[in-house]
Amino acid sequence: MGNTFVSIIEIIGTLAFAISGIRLASAKQFDWFGAYVVGLVTAIGGGTLRDLLLNLPPFWMQNSIYLTVTGIALVAVIVFGKFLIRLQNTFFVFDSIGLALFVVVGIQKSLAVGYPFWVAIVMGTITGAFGGIIRDILINEEPLIFRKDIYALACIVGGIFYWGCYTLQLPDEITQSIAAAS
Amino acid sequence: MGNTFVSIIEIIGTLAFAISGIRLASAKQFDWFGAYVVGLVTAIGGGTLRDLLLNLPPFWMQNSIYLTVTGIALVAVIVFGKFLIRLQNTFFVFDSIGLALFVVVGIQKSLAVGYPFWVAIVMGTITGAFGGIIRDILINEEPLIFRKDIYALACIVGGIFYWGCYTLQLPDEITQSIAAAS
Amino acid sequence: MGNTFVSIIEIIGTLAFAISGIRLASAKQFDWFGAYVVGLVTAIGGGTLRDLLLNLPPFWMQNSIYLTVTGIALVAVIVFGKFLIRLQNTFFVFDSIGLALFVVVGIQKSLAVGYPFWVAIVMGTITGAFGGIIRDILINEEPLIFRKDIYALACIVGGIFYWGCYTLQLPDEITQSIAAAS
């Protein structure tokens, strides 16, 4: 059950991050392939680096859903493009949701492999933040996250919050919901 | 025999990609070391990421030929520099050849490790395209591949073509030649 | 004892590289989180890529000292900021020290895993140079190392020097000191 919950938040996070990447890529007049790649890298880049560092098989190579979800995001941006562009706030929300969800997944995976909590916090931050950093490198901009304290704090606060819940032995699902919401 | 064939196309692809990287680096007035590194990364970057994701030892660490070939490419660009710069079309051809060859190698390696075909297609695309993407990141330009449908299509068409041949159980060498040519 | 020596030079190198990254990030008006990440990536980026390529667990995940040292570097830059900025030469020295030390560590680790010497030289160069390259990518500049022969030569000369000492069977500590000094 814990696993199902993680899967669901991973997929929502993937969708949120993919849309953020595809929107920025289209703003740069990338073609559909470029937009898809940037969306995909935004969505899976952080988790891929985490899995490489933890010496786990990359999560997206086990299940084609992440590529499919990015495809859906691409279609969504093409169909609802103008509508999405107007919603600057939604964009920000997408980014934040993706970030929070991915931090939680990153922390859990690291603890599961037996790493101490400080490594888990770093892995959570990498999972959440690195996708957006690669996105900004690919579109040749300075990484947005380095200029907005708010993202970074979200990562770390979320992580520490998670740790608080974890040590209090709260059930997994509650812990994850609280951490992601914070 | 299949292995020898793969080695040969890997070396030609390496040469083609290294020349493309070295030429762009010299155009940016990088020094010889910078040009060599950019050439090398263009040539081996995609395959290295593929091997990391597949958890295989990086191919270029098993055999020094890839470093040697990049050195030869560097000398070739220094000696025939002006001549090469005039041949814009050849440059394009080099890039396309490298791309097609590397896609085939990436697909084969992934299937050999037991991954399903959709992973192999992604790995083929990574092998073919990622070197050029890192090259463009290093010279601080927006990745060329994201603006030219033709490259991306070449990757995917080549991959699907390969799959067609593969399922028809054609001999390996023929399959590879057709896929690379397409 | 050899291990302790390696640890000490790794830590000094980390401090030197972290300061170089944090200074460049502050010059770009990154916030404290951005500066910390750029400093950390400059310090551990090269060694992380080396460990991934050698299929070793990333060194900084075994011991929290590298994150702590980067934190100290951040505080140092904040407290002594103006003072540090005036010392352009010291900055250059920091960079060179970090580079030389990391090259030696990279070579040693590769030989320890059983790779031939040419792989060790490449790994040494990656350990020394790659952190600075990622730093420059993150701050969206063309990598400095590609324009200054001196760094590159330092890497390679240091490496070959190390090899000379190594084949002469000099004791480890002496070898490392000479190589780093050169």
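Small disclaimer: the values here were computed from a predicted structure and weren't measured.

Calculation criteria
- Residues numbered from 1 in each chain as written.
- Chains lettered and ligands numbered in written order.
- Predicted model: local features only at pLDDT ≥ 70, side-chain atom pairs only at ≥ 80, totals over all residues.
- Heavy atoms only, no water.
- Helix = DSSP H or I, 4+ residues; strand = E, 2+ residues; numbered from the N terminus.
- Expected span 1.5 Å × (residues − 1).
- Bend = angle between axes of the 7 residues up to and from the residue.
- Buried < 20%, exposed > 50% of the residue type's maximum accessible area, 1.4 Å probe, protein only.
- Phe/Tyr/Trp six-rings, centres within 6.5 Å; stacked < 30°, edge-to-face > 60°.
- Least-squares fit on C-alpha atoms with pLDDT ≥ 70 in both.
- Contact = heavy atoms within 4.5 Å.
- Buried area = accessible area lost by both parts, 1.4 Å probe.
- Salt bridge = Lys/Arg side-chain N within 4 Å of Asp/Glu carboxyl O.
- Polar contact = N/O pair within 3.5 Å; in protein donor to acceptor, adjacent residues only side chain to side chain.
- Core = buried A, V, L, I, M, F, W, Y, C linked by side-chain atoms within 4.5 Å.
- Axes fitted to C-alpha atoms, helices over the stretch in contact; angles between N-to-C directions.
- Parallel < 35°, antiparallel > 145°, perpendicular 65-115°, else oblique.
- Left-handed = near helix turned anticlockwise from the far one by under 90°.
- Nonpolar A, V, L, I, M, F, W, Y, C, P; charged D, E, K, R; others polar.
- pLDDT = per-residue confidence, 0-100.

> Pulling in residues and values, what's your account of helix α5 (residues 117–138) of chain B?
Residues spaced three or four apart along an α-helix point in a common direction, a consequence of the helix completing one turn every 3.6 residues. Residues and elements named next belong to chain B. Helix length check: α5, at 22 residues, gives a terminal C-alpha distance of 31 Å against a target of 32 Å (1.5 Å per residue), a fit within 8%. Along α5, the largest kink reaches about 40° and is centred on A129. Of all 22 residues in α5, 20 are buried; the element is thus mostly enclosed. Residue N140 follows α5 closely and has a positive phi angle near 60°.

> Outline the packing of aromatic side chains, listing residues and values.
Residues and elements named next belong to chain C. Tallied over the entire structure, the rule returns 9 aromatic pairs over all chains. On the basis of an interplanar angle of 85° and a centroid distance of 6.1 Å, the ring pair of W32 and F33 is categorised as edge-to-face. Of the residues examined, W32 reaches a relative accessible area of 40% and is grouped as partly exposed. Measuring from ring centre to ring centre gives 4.8 Å for F59 and Y66, while their planes differ by 80°; the resulting arrangement is edge-to-face. Both residues of the pair, F59 and Y66, belong to the buried class.

> Before we move on, can you summarise helix α2 (residues 32–53) of chain C with the specific residues and values?
Residues and elements named next belong to chain C. The terminal C-alpha atoms of α2 lie 31 Å apart, and with 22 residues this matches the ideal 32 Å at 1.5 Å per residue to within 8%. Along its length, α2 reaches its greatest deviation from straightness, about 50°, at I44. α2 sits mainly inside the fold: 20 of its 22 residues count as buried. Where α2 ends, the next residue or the one after it, N55, has phi of about 60°, a positive value.

> How would you sum up the relation of the copies chain C and chain B? Please name residues and give values.
Overlaying chain C with chain B gives an RMSD of 0.0 Å, the required rotation being 120° about an axis along which the chain moves by 0.0 Å. Here the transformation between the copies is reduced to the relation of a three-fold axis. Little of the interface of chain C is mirrored in chain B, where only 16% of its interface residues are also at the interface.

> Kindly report on the interface of chain B and chain A, identifying the contributing residues and their values.
The interface is formed by 25 residues belonging to chain B together with 24 residues belonging to chain A. Carbon and sulfur atoms make up 71% of the area that chain B and chain A hide from each other, which totals about 2,000 Å². A per-residue breakdown of the area chain B buries against chain A is headed by L53, W118 and F146 of chain B, which together make up 34% of the total. A salt bridge links K28 of chain A to E142 of chain B, with the nearest nitrogen and oxygen atoms 3.2 Å apart. At the junction of chain B with chain A, the criterion picks out 2 residue pairs in polar contact (both at pLDDT 80 or more).

> Which residues make up unusual backbone geometry, and what are the values?
The residue N55 of chain A is not glycine, and still its phi comes out positive at about 60°. Along the polypeptide, N55 of chain A turns up in the loop between α2 (32–53) and α3 (65–86). Of note, N140 of chain B is a non-glycine position whose phi angle comes to about 60°, a positive value. Within the secondary structure, N140 of chain B is located in the loop between α5 and α6 (149–167).

> Hey, could you go over the side chain of K28 of chain A for me, with residue numbers and the actual values?
Structurally, K28 of chain A can be placed in the loop between α1 (2–27) and α2. A distance of 2.8 Å separates a polar atom in the side chain of K28 of chain A from a polar atom in the side chain of E141 of chain A.

> A description of the interface of chain C and chain B should follow, citing residues and the corresponding values.
With 25 residues of chain C at the contact, the number on the chain B side is 24 residues. For the pair chain C and chain B, the summed buried surface comes to about 2,000 Å²; carbon and sulfur atoms form 71% of the total. Among the residues of chain C in contact with chain B, L53, W118 and F146 of chain C are the three that bury the most area, contributing 34% of the side total. Our count for the contact surface shared by chain C and chain B stands at 1 salt bridge. One can count 2 residue pairs in polar contact (both at pLDDT 80 or more) joining chain C with chain B. Only α2, α5 (117–138) and α6 (149–167) of chain C provide two or more residues apiece to the side of chain C that touches chain B.

> Provide a residue-level description of the nonpolar core, including the pertinent values.
Residues W60 of chain A, W60 of chain B together with W60 of chain C are the most contacted members of the largest nonpolar core, which totals 134 residues. Every residue in contact with W60 of chain A, bar those within four places of it in the chain, is listed here: I44, T48, Y66 and L67 of chain A together with L53, W118, V122, M123 and I126 of chain B.

> Describe the packing of helix α2 (residues 32–53) of chain B against α5 of chain B, naming the residues involved and giving the relevant values.
All names here are of chain B. Close contact between α2 and α5 brings their axes to 7 Å; oriented N to C, the two are set at 140°. Between α2 and α5, the angle falls in the class oblique. Relative to α5, α2 is oriented so that their crossing is right-handed. Residue-level contacts link V38, V41, T42, G45, G46, G47, L49, R50 and L53 of α2 to M123, I126, T127, F130, G131, G132, I134, R135 and L138 of α5. Residue classes in the contact of α2 with α5 are distributed as 9 nonpolar, 7 polar and 2 charged.

> Give me the lowdown on the confidence of the model for chain A, citing residues and values where you can.
Residues and elements named next belong to chain A. In this model, chain A carries an average pLDDT of 79, and 70% of its residues clear a pLDDT of 70 or more. Of all the helices and strands in chain A, helix α7 (residues 172–181) carries the lowest mean pLDDT, 47, while α2 carries the highest, 92. Per-residue pLDDT stays below 50 along residues 169–182; that stretch engages in 25 contacts with residues further than four places along the chain or on separate chains.

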